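Secondary and tertiary structure notes
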Amino acid sequence: MASLNVGNLGEYLREQRRNAQLSLRQLAEAAGVSNPYLSQIERGLRKPSAEVLQQVAKALRISAETLYVRAGILDAERDREEFGREGATRAVILADPGLTERQKQVLLQIYESFRKENGPGTAQQAAADENDRKAPRAPEADGAQDTGDPGPRVADGSDAGPRHTTDRPDRPA
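What you see is a predicted model; the values in this text were computed from it and never measured. (Residues numbered from 1 in each chain as written. Predicted model: local features only at pLDDT ≥ 70, side-chain atom pairs only at ≥ 80, totals over all residues. Heavy atoms only, no water.)

1. Observations concerning unusual backbone geometry
Where we set the bar: Every helix listed is a DSSP run of H or I at least four residues long, and every strand listed is a run of E at least two residues long, numbered separately from the N terminus. Partly exposed describes any residue whose relative accessible area lies between the buried limit of under 20% and the exposed limit of over 50%, with all areas from a 1.4 Å probe on protein chains only and scaled to the type maximum.
One non-glycine residue, Gln21, lies in the positive phi region at around 55 degrees. Structurally, Gln21 can be placed in the loop between α1 (9-19) and α2 (24-31). Overall, the relative accessible area of 71% leaves Gln21 in the exposed class. One non-glycine residue, Arg61, lies in the positive phi region at around 60 degrees.

Encoded structure:
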């Protein structure tokens with residue numbers, strides 16, 4: 001049989017299987033596929049279905065999406081365009097060879113939880129709020145200036161706010 005172009009899927013699966021310290025037979029059993037079929041996938045002789053890839057990914061405890069991209073089922077470039085920044089972020093995380101599959105999954109889970117927490121449009125508001133906190137404050141309209149004196153204390157010992165002086169001659173400082 002001639003080798004199929006499945007985007008180095010077989011080599012990747014073999015590497016992941018070895019990292020998981022599983023034999024071909026153990027992985028085949030855990031994924032619910034035959035040992036010869038899994039061997040053919042690893043050697044690039046068969047292109048598995050998305051369902052088989054999902055079973056193998058689950059048995060290896062890795063991302064099925066990564067396997068889909070490597071098998072040519074998902075196109076990472078198209079997904080970046082289609083899903084905008086979210087898809088691009090996911091694709092970059094999944095494609096990073098310096099991360100383990102477990103680290104990639106944890107990063108994706110954190111990323112998704114932040115996106116859900118912020119909701120649509122909340123990220124823009126959070127950025128605007130952050131900019132407001134960093135921007136210098138304009139002096140008060142009546143010409144009052146902060147003297148640096150913390151001002152009077154309240155009964156509980158907390159600060160009641162800064163004392164202000166005015167530049168107005170009609171008001172005592």
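Moving on from the coordinates now.
2. Considerations on the packing of α2 against helix α3 (residues 35-42)
For the record, the criterion: Convention adopted: a line fitted to C-alpha atoms gives each axis, helices being fitted over their contacting stretch, and angles between N-to-C directions are expressed from 0 to 180 degrees. What sets the label is the angle itself: under 35 degrees gives roughly parallel, over 145 gives roughly antiparallel, 65 to 115 gives roughly perpendicular, and the rest give oblique. A crossing counts as left-handed when the near helix is turned anticlockwise from the far one by less than a right angle, and as right-handed when that turn is clockwise. Whether two residues are in contact is decided by their heavy atoms, any of which lying within 4.5 Å being enough. Under the scheme applied, nonpolar residues are Ala, Val, Leu, Ile, Met, Phe, Trp, Tyr, Cys and Pro; charged residues are Asp, Glu, Lys and Arg; polar residues are all the others, including Gly.
Remark: α2 packs on α3, axes separated minimally by 9 Å, with the N-to-C direction vectors making an angle of 110 degrees. One finds that α2 runs roughly perpendicular with respect to α3. Crossing angle aside, the handedness with which α2 passes α3 is right-handed. Between α2 and α3, the contacting residues are Leu24, Arg25, Leu27 and Ala28 on the first element and Asn35, Leu38, Ser39 and Glu42 on the second. Of the residues belonging to the contact of α2 with α3, the class tally is four nonpolar, two polar and two charged.

3. Describing the pattern of salt bridges
Rule in force here: Salt bridges are identified by distance alone: a Lys or Arg side-chain nitrogen within 4 Å of an Asp or Glu carboxyl oxygen.
Summed over the entire model, instances satisfying the criterion amount to three salt bridges. A salt bridge links Glu42 to Arg14; the nearest nitrogen and oxygen atoms lie 3.4 Å apart. Remark: Arg14 occurs in helix α1 and Glu42 occurs in helix α3; sequence separation between them is 28 residues. Using a relative accessible area of 22% as the deciding quantity, one classes Arg14 as partly exposed. Residue Arg17 is joined to Glu42 by a salt bridge in which the shortest nitrogen-to-oxygen separation is 2.6 Å. Placement of Arg17 in helix α1 and of Glu42 in helix α3 is noted, with a sequence separation of 25 residues between them. Pair check on accessibility: Arg17 and Glu42 agree, each one buried.

4. What to know about the packing of aromatic side chains
The following threshold applies: Only Phe, Tyr and Trp rings are paired, with Trp represented by its six-membered ring, and only when their centres lie within 6.5 Å; those with planes under 30 degrees apart are stacked, over 60 edge-to-face, the remainder tilted. In this scheme, the term charge over a ring applies when either NZ of a lysine or CZ of an arginine sits within 6 Å of the ring centre and within 35 degrees of the ring normal.
For the structure shown, the criterion picks out zero aromatic pairs. In this arrangement the basic side chain of Arg70 is found over the ring face of Tyr12, its NZ or CZ atom lying 3.8 Å from the centre.

5. Let's talk about the packing of α1 against helix α5 (residues 64-71)
The contact between α1 and α5 brings their axes to 9 Å, and the two run at 150 degrees. Viewed along their axes, α1 and α5 adopt a mutual orientation that is roughly antiparallel. In this structure, α1 contributes Leu9, Tyr12 and Leu13 to the contact, and α5 contributes Thr66, Leu67, Arg70 and Ala71. Partitioning the contact of α1 with α5 into residue classes produces five nonpolar, one polar and one charged.

6. Overview of the nonpolar core
The following threshold applies: We call a set of buried residues a nonpolar core when its members are Ala, Val, Leu, Ile, Met, Phe, Trp, Tyr or Cys and they connect through side-chain atoms within 4.5 Å of each other.
Formed by 20 residues in total, the largest nonpolar core has its most connected members in Leu9, Leu13, Leu38, Val56 and Leu67. Looking at which element gives the most residues to this core, the answer is helix α4 (residues 50-60), with five residues. Non-local contacts of Leu9, meaning those with residues more than four positions away in its chain, are made with Ile41, Pro48, Leu53, Leu67, Arg70 and Ala71.

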